[in-house]
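Examining the three-dimensional arrangement
Spelled out from the first residue to the last, the chains are:
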Amino acid sequence: MDQDEPRGEVVAAGATREKKRGIAGFFAGIALFFRQVIAELRKVVTPTRKELVKFTAVVLVFVLIVMGIVYGLDTLFAWVTHIVFGVPDA
């Protein structure tokens, strides 16, 4: 994919340049951070409607499966607690 190819990305100077000191270095770091954020936001790809529907369906099915597992475990632990401690029915 062409998304993985480097395109003049904004990277920290690191060992290639001497680190700036003091207040100028502080603001240079903030400016670098915002340049990197903007560079990353340019890489964002909006999904198509078909992909969005598929992703939503996968998430909903996964949530339903996890809900079923949690419900089953809760019921099992309640039953075991009732058997072990003999909690009287109210």
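Heads up: the structure comes first, above all this text.
Every chain is numbered on its own, with residues counted from 1 as its sequence reads. Reporting in this predicted model follows two pLDDT cut-offs: at least 70 for local features of residues, and 80 or more for side-chain atom pairs to be given and counted; totals over whole chains, interfaces and linings ignore these cut-offs and use all residues. For side-chain calculations, the full set of non-hydrogen atoms in the structure is used, while hydrogens and water are omitted.

**Remarks on the overall build of the protein chain**
By the criteria applied, helices consist of DSSP H or I runs no shorter than four residues and strands consist of E runs no shorter than two, each listed in order from the N terminus. From N to C terminus, the protein chain includes two helices and zero strands. Remark: exposure states derive from per-residue accessible area (1.4 Å probe, protein chains only) relative to the maximum for the residue type, with buried under 20%, exposed over 50%, and partly exposed in between. For the protein chain, the proportion of its 90 residues judged to be buried stands at 3%. For the accessible areas, the method is Shrake-Rupley and the probe is 1.4 Å, while residue cover comes only from the protein chains on display. When the accessible area of the protein chain is evaluated, it comes to approximately 8,700 Å², of which 69% is carbon and sulfur surface.

**Some details on the pattern of salt bridges**
We count a salt bridge whenever a side-chain nitrogen from Lys or Arg sits within 4 Å of a carboxyl oxygen from Asp or Glu. The final tally for this structure, using the stated rule, is one salt bridge. Salt-bridge contacts for lysine 43 lead to glutamate 40; the nearest nitrogen and oxygen are separated by 3.1 Å. By relative accessible area, glutamate 40 is classed as partly exposed at 46%.

**Remarks on the packing of aromatic side chains**
Two rings from Phe, Tyr or Trp (for Trp, the six-membered ring) form a pair when their centres are within 6.5 Å of each other. A pair whose planes differ by under 30 degrees is stacked, one over 60 is edge-to-face, and the rest are tilted. Counted by the stated rule, this structure contains two aromatic pairs. Relative to phenylalanine 27, the ring of phenylalanine 26 has its centre 5.3 Å away and its plane inclined at 70°; by these criteria the two rings are edge-to-face. Between phenylalanine 33 and phenylalanine 34, the aromatic rings sit 5.4 Å apart at their centres with planes inclined by 70°, giving edge-to-face as the arrangement.

**Comments concerning helix α1 (residues 22-41)**
What sets the pattern is the α-helix's 3.6 residues per turn: residues three or four places apart point alike. Expected helix span is given by 1.5 Å per residue-to-residue step, counting one fewer step than there are residues. With 20 residues, α1 should reach 28 Å at 1.5 Å per residue; the first-to-last C-alpha distance of 29 Å fits that figure. Within α1, the full set of buried residues consists of Gly25, Leu32 and Ala39. Down the axis of α1, the buried set is contained in an arc of 40°. They therefore lie on one face. Residues of α1 that are exposed and angled more than 90 degrees away from the buried face: Ile23, Phe27 and Leu41. As used here, the arc belongs to the directions running from the helix axis to the C-beta atoms.

**Thoughts on helix α2 (residues 49-85)**
Across its 37 residues, α2 extends 53 Å between first and last C-alpha, which sits within 8% of the 54 Å expected from 1.5 Å per residue. Glycine 86 lies just past α2 and shows a positive phi near 60°.

**Structural notes on a nonpolar patch on the surface**
Each patch is built from salt-bridge-free residues with over 30% relative accessible area, joining like charges within 9 Å and nonpolar side chains (Val, Leu, Ile, Met, Phe, Trp, Tyr) within 5 Å. Residues Val61, Ile65, Ile69, Leu73, Leu76, Phe77, Trp79, Val80, Ile83, Val84 and Phe85 make up a contiguous nonpolar surface patch of roughly 1,100 Å² in combined accessible area. Of note, tryptophan 79 is situated in helix α2.

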